[in-house]
Amino acid sequence: FFYSTLAKSLFYLKDYAGSIDAFRECKALLPDGQSLSMFDRAYLQKAEAALADNLPQQQQPTVQKTIPKLKPPRFVPREEVSSFTKNPMV
């Protein structure tokens with residue numbers, strides 16, 4: 001059961017190779033005559049497909065996006081802010 005949960009967690013983290021290994025370990029630990037659940041088999045198939053799809057992409061260089069610089073916030077003195085807001089509680 002632990003390896004099944006680990007495998008699905010690794011799948012969601014996009015560690016497809018680790019997910020496949022965990023599913024294989026899960027299969028090995030099951031009692032004779034039992035197999036992975038329908039959901040586990042579906043996750044295993046998705047992980048295998050995703051790994052096959054990702055292999056060519058990993059070999060290509062990645063392009064990093066630049067993050068635009070924002071202007072720093074304008075400083076407003078406390079007195080100026082408090083003069084614009086009227087607090088009926090005071």
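Look a little higher up for the structure.
Residues numbered from 1 in each chain as written. Predicted model: local features only at pLDDT ≥ 70, side-chain atom pairs only at ≥ 80, totals over all residues. Heavy atoms only, no water.

Student: Requested: an account of the packing of aromatic side chains, with residues and values cited.
Tutor: A full pass over the atoms with the stated rule returns four aromatic pairs. A centroid spacing of 5.5 Å and a plane angle of 65° characterise the contact between Phe11 and Tyr16, whose relative ring orientation is edge-to-face. Judged by relative accessible area, Phe11 falls into the buried class, the value being 14%. Plain terms: the ring middles of Tyr12 and Tyr43 are 5.9 Å apart, the flat faces sit at 70° to each other, and that makes the pair edge-to-face. Residue Tyr12 is located in helix α1 (residues 2-12), and its partner Tyr43 is located in helix α3 (residues 38-59); the two are separated by 31 residues in the primary sequence. Joined through ring pairs, the aromatic side chains of Phe11, Tyr12, Tyr16 and Tyr43 make up one cluster. (Phe/Tyr/Trp six-rings, centres within 6.5 Å; stacked < 30°, edge-to-face > 60°. Buried < 20%, exposed > 50% of the residue type's maximum accessible area, 1.4 Å probe, protein only. Helix = DSSP H or I, 4+ residues; strand = E, 2+ residues; numbered from the N terminus.)

Student: Kindly report on the nonpolar core, identifying the contributing residues and their values.
Tutor: Formed by 13 residues in total, the largest nonpolar core has its most connected members in Phe11, Tyr16, Phe23, Leu36, Leu44 and Ala47. Broken down by element, this core gets its largest block of residues, five residues, from helix α2 (residues 16-29). Phe23 has contacts with Ser4, Ala7, Lys8, Leu36, Asp40, Tyr43 and Leu44, leaving out every residue within four places of it along the chain. (Core = buried A, V, L, I, M, F, W, Y, C linked by side-chain atoms within 4.5 Å. Contact = heavy atoms within 4.5 Å.)

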